[in-house]
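Breakdown of the fold
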Amino acid sequence: DKMALRGSAVCFVGFEAVRKKQLANAATAAGATVTYIMPSAARTQGGGAGGCVVVLGPHVSQYELERAHRAPARVLDEGQFEAALAATVPPQTTPAAPQCVAETLTPEVSRALPCTLSPHEPELCLLGARFEPGRTRVRLSAEAASGQRWTHEAREAGELRVACASVAVLTLPAAVLRSLLASPFCDVRVDASNDGGATWGAAASVKVVQAAEGPARVPDGDSCTERRQERAGAGEVQESRELRVFISSPFRDMQNDRDVVAKVVVPKLRKLCQQRDITLTYVDLRWGVTANQSQLAASLLMCLRELQKSNLVIGFLGDRYGWCDTGQGNSDDELVRKTIEVAAQKFPYVQKLADRSITEIEMQALLSNVVETPTWFYLRDPHYVDTVSPLDRHNFLSESPFHTRKVNQLKDQIRTSGFPVRDYKAPADLDKLVTEDIAGWIDANFPTSSTQTPAIKETAPHKAYSRLMRYCYVPRERYHYVLDKHLLQQNSSTSLPAVAVVGPPGSGKSALLANYANRYAMHHPENIVFEHYVNCSDTSVDAGNVLRRCMRELSSRLGWKDPQIPAGPEELSQEFPAFLERAVATDSSPGILLVIDGLNNLEDRDNALDLLWLPRKFPAKVSAIFSTTEEPRLLEAITNRKWEVLHLKPLNPWDRVNYIRRYLDHHSKKLTEQQEFAISESALSSNPLWLKVFLDDIRLFGEYEELDTRIERNLQTRATQDLYVIVLERIKADYDPEITGAVPAFFSAVWASKNGLLQKELEDILAGGGYDAAHLQPLFAAVEDLLLYGTAGLLRLVNTELKAATSRLFLPAAEDRRFAHESLADYFASQLEQGVTPRVLAELPYQLEQCGNWKRLAECLGRLDVFLGLYKSAESKYDLMRWWRLLQAQPDGAYDVAVCCPAMLRSYELDITTRFGAERVDAMQFYHVAFFLEEMAQYTAAEAAYRKALQYSAQPSAGDNEKWQATRIDILTSMARLFEIQSKLKQAETALAEASAIPMDDLSLARVKNRLGVVCTKSGSLRVAEEALAQALQIRQRVLGASHSRTGQTLKHMISLYEALGDYSKAEQCGQKALAITEDALGPTSYHVSSILTKLGSLYNVKKEFTKSESLLKRALQIREEKYGRYHPFTAEVLRAMGNIYVDRQNWDLSEEYLTQALTTYEKLGHPEAARTLTRLGELYTQTGRLAKAEDALLRAVRLHKAALGPTHSRVAQALKHLMTVFEEQHKYAEGEAVGQEALEIHLHCLGTDHYHTSSTQLRLGRIKTALGKTEEAETLLRHALRVRQTLFGSKSELVGEVLVALGELHVSTGNGGEAEAELTAALAVLTQTYAPDHWRVTQATNLLSRARQVAQVVSNNEV
């Protein structure tokens, strides 16, 4: 029924901006109020007496359709709205007829949606009644004027989806849509029925009108000039952020002109559009019309359809007029007439232009206002033909005087049309002209200020990338089903693991995530969808930025103002789970879907690839979907987190054909079916990346006649890498036609960089090679799709396949690759002359390493400013250490870090002393280098540097006494730590005593006492250690409080102290207090918590409480792995502790597994702790009888320790002590005695006579001397060991029992059975208190006691 609109609130949905404005103006004139928010049950837009009205346009989405019919409003299509408008206002004010109308005429269909059938709008929405899910089927039938018939049937769960009883959505396959659009069907009918029932709605017509019908219009001179001038330059800002640029010109003489636009202008404009969140599509129909369509006279129809869909047009004219009816009656003229007749059935105005060329008909559609689109015309200088080769000149000259007259008339009309017109001399001029014109129009219609708020600027690249991934997508419903099933649990009350979509590069992961996120957002508007595409912008590749952006966007969506977002990566990862919990804390909170694509593209900083920055599980109502390639570290992290994994499979053949058609349709290109099937039948086309690269290459290939040859060549490739080689060859031919070497230099420089190059750096590098930066701008723009943006705008190659192709094509020989690295090294070395910058530090040492120039690398690292820049950065510190290890490994031995670093300091010292005097030498420079040398295990050089630091910190600077005191204390405590590592414990105590003499505040004193307690614990001065740690604890409790983390650290050191004192109960109490304080102060996942857990776990192992020990160490391991990753020295420390407890439990398999993992990490990093781990492995191999492996491991440990620590370090002695046991087990007593004697001398030197480790070496050496028959020496050693252990641990310790067993064995061997019996009886009394009756130590003592009694009996009998 017709209804008046006056007093209604009207919402327009699914209209383009211009049409919406027209209708809105008409509605306002009719007395209605226009609203831009669709009414809902919860929020009804009141409209007075008229209520609410929703008007559905031709571009309405499925989601908007369903939502409209759920709304408390009257729903009208455009025709019904016009009828209501006509009843309200006079007919002359009624808006113009719509361009695209589809209406159903049967009474069963209560209303129809205006629907545009195009390659990008393949859905037909049917509104009616009695649709039944699972039963309804629909048949489309069409009849052309020629009598040609065509039918297609669709069923639900395929192309038909029943949304409700009154709404069904028919999605037309690409082939069906192509048939409808390519043929001039005049009548399309819809039959719908339910299975088992009679057909209802039979012969329901669907009328598809491609353009507004009406009298044909031809240009009338100046009649359009005024409107042209109004539309010239800037127009209205479009709601749709997609630009389709159509090129209109003759083909033959405009190949070069079109190439400039396609290969130079369009890439520049696309980059600009990406910054404005606009999608740019370039329509060039040089081979967009197939040969079959040309033969069927459909070429003009296709061109006009593409022109109608475009919203920017560029027209070129030279001397040629183009294809037209010459009146000569030949076959070409006949085909022209047929072509115009076919086009006229859809575009009637064409019939009145039958004497014009195809190009002019396109242009007249613009000049006569049939198509109203911003347009620019470019007219080429007739003298350009003089510069063309005589062999090709005929392609540029006018076809005939008839054609010359026609083209001149057209040019005259264009010049007076009011459209912008530019004259140009040569195709190269179009670069500047077209770029300026289109960029100016974009600036006017999509100004930066209107869209680029900080939040929008941050989100825009992700939205643009998502939209790009949604184009040409071939739905793979089985994957959507898996994701849907997972997300059904989103409203559960339990935490959920995430879903990881995994597949090789180019398998369609990004497209799947983008399309699924879009569909989910449409179907669940009540929820929040956050999308992040790694590598879509320069800031997107940092894991911390992912969390920051997520927290900012969710806060904005939730209406939270000024969210407090941590700055540091560790704080961010700790805060993020709590943030998500708050976001979904209430029942009314929306659900959240996190979609993060491309985890493998994250920069591996702060162990990002171990996913430590993400929660292991997500809160209820929060779901997460990630994607990654099959990167081993990521897969391991995903497995550990027990995420659901969705593996993508290759495209099947029909999906490949579908993708080819959709992709080329989007770019207004078409292939023949033979060409399509040839591509789809290639096995490589199952990979979407290969297929996209293939299609991109032929899309930019301008010569239709050679297209088959190009396709055949591309099909001969065997991998994506081969295809990239062809792409690079094309780029080289297009952008370096004179073979200057610019393209190889460009790609070689990017290939050789470590993390990518800034555009300015790339320009400078190429300019240094003699290439003009201005001429390289088109190349920069054209290859943007082959580059990725890293942190701070660094450009790098898009994937490994392209990198391999670059190396293969441009750098085939090792010398070529070395030269590429050397060129970058030279550039960054020149930058170093201007000062140290982060980019120089990142690239210069790396390039020198890659080109193997060790001399220059040593000189670079030998600069103090470079050294400090690298060492003070957490990201490059380990690189610095690795480079020095590489230098030290060079066979000539010329680069010893223990020589080069002191030389660097001497140079600095001499320079400053000469220029400013000794008082200006900075002691902290020596301190930093000393600390580095200490970490490199160059202890002698480190000690010398520390002493220099002490020398230059001897006197305070004027007025800076506090700083001097702090510096001096730092140096002395660090020296104490150095001496402690070397087991020079007396010297460590001396350094700390000197530090204690410096006036200091209480906290500094507590720090010194803390270190003193650690040193004295190791030296065996346990009472001194206890006093020092008690003092430190008292100060920290008083000044900082009993619950401060530093108080907890002192309690942690007390664990080792009381363990050494044998007071395990007090050690446990200190550990539990330390744990509680640190967890409360720093959180349960802090590094310091894991450190306390490790110490407590080792304590419980000593106490034989293996269950507690194992539990604590596993928790410590989880914290370290989540915080630092699997391959970090902190993680390896806990792995080694785990291995130790399993050695003591004789669980050899587990102990070997953990120790081997720790060793792998240490060896990978070149860490000195590898030697200690080898020592423990050697002990394990000894106890399991694998003596050859034990000997090898311990010999390696001895070599590593001696190289790193010197020949007299206590750790060398420890390894020698275990090696002595191996020789003992092999009955190699002489070798055992030699290494045992060496070990004992080291322990006596380092630890003194009364240390536990000294007694342990004496015990083992005494056993070997017993075996060699050196009983007197053996007894001296064993008696000393017994006395030390009784003093340290008391007479009831199992460690005392070990020595008593050795003495008993000695006395059995000498026939002193009575003494042996007494010693062994005492030993058993001690051992049985600690070990089970079947323990090997108890068994050994029992057997020896039996032998001792036998010996005693024999001796007694002999005496009798």
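Details of the structure are given in the entry above.
The text that follows walks through the structure, step by step, so that each part is easy to find. The structure displayed is predicted, hence computed values, not measured ones.

The full count for this structure, using the stated rule, is 23 aromatic pairs. Aromatic pair Tyr384 and Phe396: ring centres 6.0 Å apart, planes at 70°, arrangement edge-to-face. With Tyr384 in the loop between strand S15 (375–380) and helix H11 (401–415) and Phe396 in the loop between S15 and H11, this residue pair connects regions lying twelve residues apart in the sequence. The same class applies to Tyr384 and to Phe396, which are both buried. Through a chain of ring-to-ring contacts, the aromatic side chains of Phe618, Phe626 and Trp643 assemble into a single cluster. The positively charged end of Arg920 is found above the aromatic ring belonging to Phe916, 4.9 Å away from the centroid.

Next up on the list: the pairing of S15. Judged by how many residues are buried, S15 sits mostly within the fold: six of six residues are covered. Of the two faces of S15, both are covered, the one formed by Thr375, Phe377 and Leu379 as well as the one formed by Trp376, Tyr378 and Arg380. Where S15 meets strand S16 (residues 421–424), four bridges bridge the pair, whose relative direction is parallel. Its bridge partner lying in S16, Arg380 is registered against Tyr424.

Right, let's talk about the pattern of salt bridges for a bit. A side chain of one charge can pair with a side chain of the opposite charge when the charged atoms of the two come close. On inspection of all chains with the given rule, the structure shows 71 salt bridges. For Glu1068, the salt bridge identified is with Lys1103, shortest N-O distance 2.7 Å. Here the residue Glu1068 occupies a position in helix H42 (residues 1064–1082), and Lys1103 occupies one in the loop between helix H43 (1087–1102) and helix H44 (1106–1124), the gap between them amounting to 35 residues. The class for Glu1068 is buried, based on a relative accessible area of 18%. Between Lys1114 and Glu1110 there is a salt bridge; the shortest N-O distance is 3.8 Å. With Lys1114 and Glu1110 both in helix H44 and four residues apart, this pair spans about one turn of that helix. Under the relative-accessibility criterion, Lys1114 is labelled partly exposed at 42%.

The next subject is the side chain of Glu553. Of note, Glu553 is situated in helix H17 (residues 543–558). Ignoring sequence-local partners within four residues, the contact set of Glu553 consists of Thr459, Val529 and Phe530.

For Lys621, which is not glycine, the phi torsion reads 75° and is therefore positive. Tracing the backbone through its elements, the reader meets Lys621 in the loop between strand S19 (592–597) and strand S20 (622–628). The backbone of Gln1146 sits at a positive phi, close to 60°, despite the residue not being glycine. Take Gln1146: its relative accessible area is 37%, and that puts it in the partly exposed class.

Moving on, we get to the pairing of strand S14 (residues 312–317). Summarising burial for S14: six of the six residues are buried, a large majority. Burial along S14 is two-sided: the residues Leu312, Ile314 and Phe316 and Val313, Gly315 and Leu317 are all buried. Pairing geometry for strand S12 (residues 242–248) and S14, over four bridges, is parallel. Bridge pairing in S14 links Ser248 to Gly315.

Thresholds applied
Residues numbered from 1 in each chain as written. Predicted model: local features only at pLDDT ≥ 70, side-chain atom pairs only at ≥ 80, totals over all residues. Heavy atoms only, no water. Phe/Tyr/Trp six-rings, centres within 6.5 Å; stacked < 30°, edge-to-face > 60°. Helix = DSSP H or I, 4+ residues; strand = E, 2+ residues; numbered from the N terminus. Buried < 20%, exposed > 50% of the residue type's maximum accessible area, 1.4 Å probe, protein only. Lys NZ or Arg CZ within 6 Å of the ring centre and 35° of its normal. Pairing = 2+ DSSP bridges. Salt bridge = Lys/Arg side-chain N within 4 Å of Asp/Glu carboxyl O. Contact = heavy atoms within 4.5 Å.

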